[in-house]
Amino acid sequence: MISVNDFKTGLTIEVDGGIWRVVDFQHVKPGKGAAFVRSKLKNLRTGAVQEKTFRAGEKVAKAQIDNKKMQYLYDDGDNYVFMDMQNYEQIELPKQQVAEEMFYVLENTELTVIMYGNEVLGVDLPNTVTLEVAETEPNIKGDTSSGGSKPAVMETGLTVNVPFFVNQGDKLIVNTQDGSYVSRA
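Residues numbered from 1 in each chain as written. Predicted model: local features only at pLDDT ≥ 70, side-chain atom pairs only at ≥ 80, totals over all residues. Heavy atoms only, no water.

Caption draft 1: Structural detail: the sheet that holds strand S16 (residues 181–184). Spatial ordering of the open sheet is given by S14-S13-S12-S15-S16, a layout of five strands whose pairing is antiparallel. Looking at the sheet topology across the chains shown, the edges are occupied by strand S14 (159–162) and S16. Recorded for the sheet is a direction-independent mean angle of 50° between the axes of neighbouring strands. The pairing of strand S12 (residues 128–136) with strand S15 (residues 171–175) spans five bridges and is classified as antiparallel. Looking at the pairing, Thr 130 lines up with Ile 173 of S15. (Pairing = 2+ DSSP bridges. Helix = DSSP H or I, 4+ residues; strand = E, 2+ residues; numbered from the N terminus. Axes fitted to C-alpha atoms, helices over the stretch in contact; angles between N-to-C directions.)

Caption draft 2: Examining the UniProt feature "domain: Translation elongation factor P/YeiP central" (unreviewed entry) in the protein more closely. Within the UniProt annotation, "domain: Translation elongation factor P/YeiP central" (unreviewed entry) is assigned to residues 67–121. Spanning residues 67–121, this segment combines 7% helix with 55% strand, and its end C-alpha atoms are found 10 Å apart. (UniProt positions renumbered as here; feature names shortened; annotations may be inferred.)

Caption draft 3: View of the pattern of salt bridges. Overall, the coordinates contain six salt bridges when judged by the stated rule. The closest approach of N and O atoms between Arg 45 and Glu 119, which form a salt bridge, is 2.8 Å. One end of the pair, Arg 45, is in the loop between strand S4 (36–43) and strand S5 (49–55); the other, Glu 119, is in strand S11 (residues 119–124), with 74 residues separating them in the sequence. Judged by its relative accessible area of 36%, Arg 45 falls in the partly exposed class. A relative accessible area of 31% places Glu 119 in the partly exposed class. (Salt bridge = Lys/Arg side-chain N within 4 Å of Asp/Glu carboxyl O. Buried < 20%, exposed > 50% of the residue type's maximum accessible area, 1.4 Å probe, protein only.)

The following block contains the structure:
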């Protein structure tokens, strides 16, 4: 058990039968009444984000999460196939469980798979990834790097708004939190 006063971003807890990751939290001490902790929690099974308020000092169960290094192998149509880097066992994750995250992942990429016991909850992405531009409009003479943007389709199918000077074949660094362009690689 852990006190809500000890919340940290990224902490995983068990509340109401679900496995939740603390996305954001705020300790509130009103002038009148008892202190409380306002938190934003992400359900690791469904991906839903929910705001929840706890009384100060309330205890919640800490979830025992295992992070395994795995390599993404291929897409078999209905599932994504991953291989454990230690014992070479393969697991399949349904597409709907990790569809959003897979827009940032190329075949043979090493990822961290989040597990709760034998249940696979999802994949943990790095903050940024390097992807190649598969398709974008050509550069128009006179466009500057300081103004405007255009859509670019990356090699994984992800669409990113990029500056006008980016061309097809360029390698770009993309933020995995919001899908935004960071810089050229």
